[in-house]
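Now for the letters of each chain:
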Amino acid sequence: MCSLALFPPPLPSGQTTLCESNNELLSGTSTEDRPKQESSPLSLYFPRESLKLHSRTESSSKAAFLDHSETLWMRSAAAWRDGGLTGLLTEITNSHTEVPKWLSVSSGCTLALLRWISSFHGSLFPHLTLSSEDMIAEFSQVLNWSDCVVRAFSWHPHTDKFAVALLDDSIKIYNPKSATTPTLKHRLQRSVAAVQWKPLCASALAVACQNCLLVWHVDPCSLSTRPSSGCAQVLSHPGHSPVTSIAWSPSGSLLVSASPVDTAVMVWDVAAESCVPLQRLGGGGVTFLSWSPDGSHVLASTPSTLFRVWETRMWTCERWPCVKGRCQSGCWSPDGSRLLFTVQGETVIYALTFTDAQVLKQSFEVFVLYLSASGDELIMLDLSASVGGEIQSLSWDPRGERLAVLLKGDPQAVDRPAIIAVFKTRTNPIFELLPCGFVQGEPGAEPRLMQFHPNFQHGALLTVCWSTGRITHVPFYFLSTGVPHFGLSGSPLLPRLQERPSAFANQSLFTELIS
Amino acid sequence: RAAASIAWAVLLLPPITAVFIILSRFSFLHPIHTISVIPTIACSKIALLGQLLHPRQFVSSVVHCIMGIIVAWCCAITIGGRYETLGYPCIQSDGSPQMCLNEYQLILLLAGAFVGFSHSLLGVIHNMNYVSFHTVQQYKYLRFKGSLPLVVKCSAIQALYSIRNYIVVYFFLGYIPRAWICKTLNLHLTSSAHPLDSIAGLLDLSLFYHLWISATFLLFTWYITLLLFRIFVTEVYSFPVQSSFTEDAHQCLPKVLLTDKQPMILKFLALQDLALLSQHSPSRRCEVFSLSQPGGHPHNWNAISGECLSLLADLTQRLVAYHDTVATNGRAKSLSTGSERKTSSETSGIPVSPLTAPFTPDLDSPFASPALRRLTAPVEQCSPWHGTVQSPHIMRRAPKLWSTSTGERRLMEDRSLRSNKHCRIQFELNRAVKNFLAKRVLIMYLFNKLPEASSQALFADSQAHIWALEGLSYLVQASFSEDHFGVVQTALPSILSCMLVLQEAVDRHFKLPHASSKPVRSTSSIGDSTYKTLRFALRATLKTAIYRITTTFGDHLNAVQMSAEHRKRLQQFLEYKE
């Protein structure tokens, strides 16, 4: 077990993390690093005021118009179109003066029955009673999604460009090699929960929206700043909205999508616009998907205390029940042999080990990464704040050497902000974890979303989107263990660890036991 | 007399034997013959009509009708009550007992026949005998379970539509079969019960419900059969890559891929297996990369890569030929039917192609223009108008065809026409006939080409090409670390150039009108419409395949021999700009 207590203490207020070099996280004050940040073309700042937010809701426009009397048929047709069966029944029940008595009574009874069934269903799966915006906020990997300026972020898997989804439902694509930054807008592109670039392709970007999936084809050579909505493919399936998570297969051939309302995982053949639903009962929906980098497995978590690991050759799955809460986040090691995941309500990271198509079930819960369960193990930050809490998301760099953990903090307590803790990891020959440090931004900025660059040459590059609307990149310079050099065990110890004898004695924080 | 009878018997023996042989060869219900992995796409309304009126289709319709009647009879027996028998004893007005016609059973039986007939017609229109392969592999039971709700939904909806149509037909024409049945079976019509082909008779909800239930049951059994057949046929079959016994050699993957005599489905299964093995199983990939024991030749790899490359080259050739036809004539020549339409742009006597406009005129190379070549070969001068079949074969060697400037060609062709009067007369005659035909609206309607159908027909068997591309690219990717003998390296230049040429041809094809328009997605039909989007799937797979090779090899590709044009194109891929 390894605790946050063994970490080097967080930075004092006003200091921001700049990079890791020589096994040490370097920091600077926010005033001195400002020019450096501004000069970097990929560091962006989206002030909340600059975004034009629209208050567009479907139902609000209805009240603005004068009521005028239509025939019952017209109103029924409109109710059927707008509200489906429930709307129709409500309309008939409400206009009891015009319809025969038996019709209004029977529709009232049917409506009551439907409501009773749906409330029963809702009591089984409480998340179904949420509105779709709340549902996305609940299950998104982004911390506090509904209040976030940057709602989704994705690096291109092969080049240095990335896509940013903003609060105003637009997506911007930044490429340091080109002067144009295309802005993608679409009528159906609302409440973007996730974006992801297609691997082995230069142009395709999948977007998870409130009502559908969009796949944009943005020509990298085009000079247009506003690609038309004809460049987007719309993929939708009845009952499959809102989409909260998407994942491309690493081979670029398939796209999977998940909705907390739909119990099926959709596997899309994007070019043919056809989908295969992989239906499994239980769980009440699918919230988060993660495809292993070797393409052999897909993690699919559900809103209840259950998650599944799909095998992608014949698409069979294994059920993994959790004890306490739902699986909140997960990430795969680069070779696809290890799955790290976190459970809501627990401050623990679990690991699952997969050998050749065979899951070592006994290794479940073998190692636990302990992150300050209750208040007694909190570290004091700057004498007034402390660190710890539930885990919002996990991210592992593509070389498998750094693991970033986004901690939720405590929104009620002022002195416990959200923070990113970074671990050094090693997967071969045995799994090892060492503390690296905390990544902090400027004062008042909370991390909301993070992602590692898929192919950073000099180590790992962590991109963090902050609550202020700023996007920064924190490089971790190190030599990969694949290259012959002195390994982690021979590397110089962290100076801050040396200051504390207790931590020094326990320098190898976690080592997997090979049974 | 005895001798004569024997002689006649002997004389009649050969024709009877012939009839027997013909009948025994005639296996019209053999599923492999009726089901195909390559859809037949009708490029115009007349072709569709031809398919519908084909004798085989007629036989199939009759068989479906009979089966429909049988199932409807079973339904009638099962439902019982008023549907149970066709005749019942009744007493006429004059008091004499006789058998009367029970119209309720008749209407049910005829509904069965009608649903069977419409099912067989819709089968042709929706290409129901086409079997598509799924991109997602699943076990048979799970796939069946997953498709079951769709089958139930489809059969219920289709039955509803069929019954609606049937009721309309019966309302107008119902008296004909009723009278015929009465006459042949010597049944009588009761005067007391009002006939069912009236509004009052057909507004019977319970009758409608029974008709619909029976039709749903009938369609459901057929759809289930179809579904099970599709699932079993498209199941992955694992061919051995190589066998140590010579008698099993014909079952090995390279052999199955190479032979064209087998049914197409076998080749498709082999290609599917190739795509899967290249992706998932390192041990079988190792067999592909292995050398033959005496001699040390990479026979497996040579056979597999050779067949894949020839498939891709074939598609490239087809695309280039099609594009040439379109570019020279301003109209597409359909592959399956020879219907030609006179376009308005031809009134000047010279085919001015509107499609050459998007392509940049290349004035620097006028000698590459086909018009000049045509001048030197006067025999082919009439070809652009009535000999479009042969023109692609001639033009195939002229890749710069579309880059010719339109105005220049018009001038040259004018000159060539004047020099050859014979051709001119023939052409005028042709034009007159076409003008005459074009004025008839029905003929115009029938012969008008369906948009994007020719594009669909071009890519009808592209599932094979998709697998070939996937198989090749995955094998090449794996060869980076697994190919110990350098077997793949020798073929790398040809693979890359083949893919790049195909990429160019596909890109050019998608610039044609209707080629990039998306078909309407139909969800509530059991007929498989995957063939409509195969060209998009091929384009995506092709790009992914090239990217797979370029990302794996990276800058090592600079050491591969290839032409400057291809290198430029490949550089685009290396920089992720495609």
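Residues numbered from 1 in each chain as written. Chains lettered and ligands numbered in written order. Predicted model: local features only at pLDDT ≥ 70, side-chain atom pairs only at ≥ 80, totals over all residues. Heavy atoms only, no water.

Draft legend 1. How the structure looks around the overall build of chain B. Counting its regular elements, chain B contains 24 helices and two strands. Within chain B, the fraction of its 578 residues that count as buried is 46%. (Helix = DSSP H or I, 4+ residues; strand = E, 2+ residues; numbered from the N terminus. Buried < 20%, exposed > 50% of the residue type's maximum accessible area, 1.4 Å probe, protein only.)

Draft legend 2. Spatial organisation of the sheet that holds strand β4 (residues 150–155) of chain A. Residue and element names in this part refer to chain A. Here we have four strands laid out as an open sheet, ordered β4-β5-β6-β7, and antiparallel in their pairing. The outermost strands of the open sheet, each flanked by one partner alone, are β4 and β7 (183–184). Across five bridges, β4 lies against strand β5 (residues 162–166) in antiparallel orientation. Of the residues in β5, the one forming a bridge with A152 is A165. (Pairing = 2+ DSSP bridges.)

Draft legend 3. Up close: helix α4 (residues 55–79) of chain B. Residues and elements named next belong to chain B. Between its first and last C-alpha, α4 extends 36 Å over 25 residues, near the 36 Å set by a 1.5 Å rise per residue. Buried within α4 are the following residues: Q57, S61, H64, C65, G68, A72, C75 and A76. Following α4 by one or two positions, G80 has its phi on the positive side, about 70 degrees. (Expected span 1.5 Å × (residues − 1).)

Draft legend 4. The domain arrangement of chain B, seen in detail. All names here are of chain B. Segmenting chain B into domains produces domain 1 (36–234) and domain 2 (259–290 + 298–325 + 420–575). Distance from the C-alpha centre of domain 1 to the C-alpha centre of domain 2: 41 Å. Counting residues at the interface gives 23 residues for domain 1, matched by 29 residues for domain 2. Between domain 1 and domain 2 the total buried area reaches about 2,500 Å² when both faces are included, carbon and sulfur atoms providing 70% of it. At the junction of domain 1 and domain 2, the tally comes to zero salt bridges. Put simply, domain 1 and domain 2 have two residue pairs in polar contact (both at pLDDT 80 or more) between them. Secondary structure elements with two or more residues in the side of domain 1 that touches domain 2: α3 (45–52), α6 (140–173) and α9 (205–233). When grouped by side-chain class, the residues that make up the side of domain 1 that touches domain 2 number 15 nonpolar, six polar and two charged. (Domains from an automatic or database assignment. Contact = heavy atoms within 4.5 Å. Buried area = accessible area lost by both parts, 1.4 Å probe. Salt bridge = Lys/Arg side-chain N within 4 Å of Asp/Glu carboxyl O. Polar contact = N/O pair within 3.5 Å; in protein donor to acceptor, adjacent residues only side chain to side chain. Nonpolar A, V, L, I, M, F, W, Y, C, P; charged D, E, K, R; others polar.)

Draft legend 5. Layout of empty space enclosed by the protein. All names here are of chain A. Within the structure shown, the criterion is met by 10 cavities of 30 Å³ or more. In this structure, the second largest cavity spans a volume of roughly 110 Å³. Looking at the second largest cavity, the residues that line it are K161, I173, N175, S178, T180, P182, W197, V218, D219, P220 and S222. Residues that form the lining of the second largest cavity fall into these classes: five nonpolar, four polar and two charged. (1 Å grid on protein atoms, 1.4 Å probe; cavity = no way out; pocket = protein on both sides within 12 Å on 5 of 7 lines; lining within 4 Å. Points joined across faces, edges and corners; volume = space filled by probe spheres on them.)

Draft legend 6. Seen up close, the UniProt feature "transmembrane region" (unreviewed entry) in chain B. Residue and element names in this part refer to chain B. In this numbering, the UniProt entry assigns the feature "transmembrane region" (unreviewed entry) to residues 28–49, 61–79, 104–125, 167–189 and 209–233. From the first C-alpha to the last, residues 104–125 spans 31 Å; its make-up is 100% helix and 0% strand. With 78% helix and 0% strand, the stretch residues 167–189 has end C-alpha atoms that lie 20 Å from each other. (UniProt positions renumbered as here; feature names shortened; annotations may be inferred.)

Draft legend 7. Summary view of the state of the cysteines. Applying the stated criterion across every chain yields a total of one disulfide over all chains. C275 of chain A takes part in no disulfide bond, and the closest cysteine sulfur to it belongs to C212 of chain A, at a distance of 13 Å. (Disulfide = S-S within 2.5 Å.)

Draft legend 8. Molecular detail of the interface of chain A and chain B. Every contact between the two is made by 27 residues of chain A and, on the other side, 25 residues of chain B. Viewed at the interface, chain B and chain A are joined by zero salt bridges. If you look at where chain A meets chain B, you find three residue pairs in polar contact (both at pLDDT 80 or more). For the side of chain A that touches chain B, the element with the highest residue contribution is strand β14 (residues 264–269) of chain A, accounting for three residues. Classifying every residue of the side of chain A that touches chain B by side-chain character gives 15 nonpolar, seven polar and five charged.

Draft legend 9. Highlighting the side chain of R448 of chain A. Residues and elements named next belong to chain A. Mapped onto the elements, R448 comes out in strand β31 (residues 447–452). Relative accessible area serves as the criterion here: at 6%, R448 is assigned to the buried category. Contacts of R448, omitting those with residues within four sequence positions, involve Q141, V142, L143, N144, D147, C148, L406, C465, W466 and S467.

Draft legend 10. Geometry of the sheet that holds strand β19 (residues 316–321) of chain A. Residue and element names in this part refer to chain A. With respect to topology, four strands assemble into an open sheet ordered β16-β17-β18-β19, the strand pairing being antiparallel. Pairing within the sheet leaves two strands with one partner each, and these edge strands are β16 (288–291) and β19. Taking the axes of each pair of neighbouring strands and ignoring which way they run, one obtains an average angle of 20 degrees across the sheet. Sheet topology places strand β18 (residues 306–311) next to β19; six bridges connect them, and they run antiparallel. (Axes fitted to C-alpha atoms, helices over the stretch in contact; angles between N-to-C directions.)

Draft legend 11. Broad picture of the pattern of salt bridges. Summed over the entire model, instances satisfying the criterion amount to 18 salt bridges over all chains. One salt bridge connects R470 of chain A with E442 of chain A, and the closest N-O pair in it is separated by 3.6 Å. With R470 of chain A in strand β33 (residues 470–477) and E442 of chain A in the loop between β30 (432–439) and β31, this pair connects stretches of sequence that are 28 residues apart. With a relative accessible area of 9%, R470 of chain A lands in the buried category. Residue classification places E442 of chain A among the partly exposed positions, given a relative accessible area of 21%. The residue E307 of chain B makes a salt bridge to K267 of chain B at a minimum N-O spacing of 2.8 Å. Of the two residues, E307 of chain B is situated in helix α13 (residues 299–329) and K267 of chain B in helix α11 (residues 264–280); the sequence distance between them amounts to 40 residues. K267 of chain B carries the same exposure label as E307 of chain B, and that label is buried. Members of the salt-bridge network, linked through shared partners, are D314, R318 and D461 of chain B.

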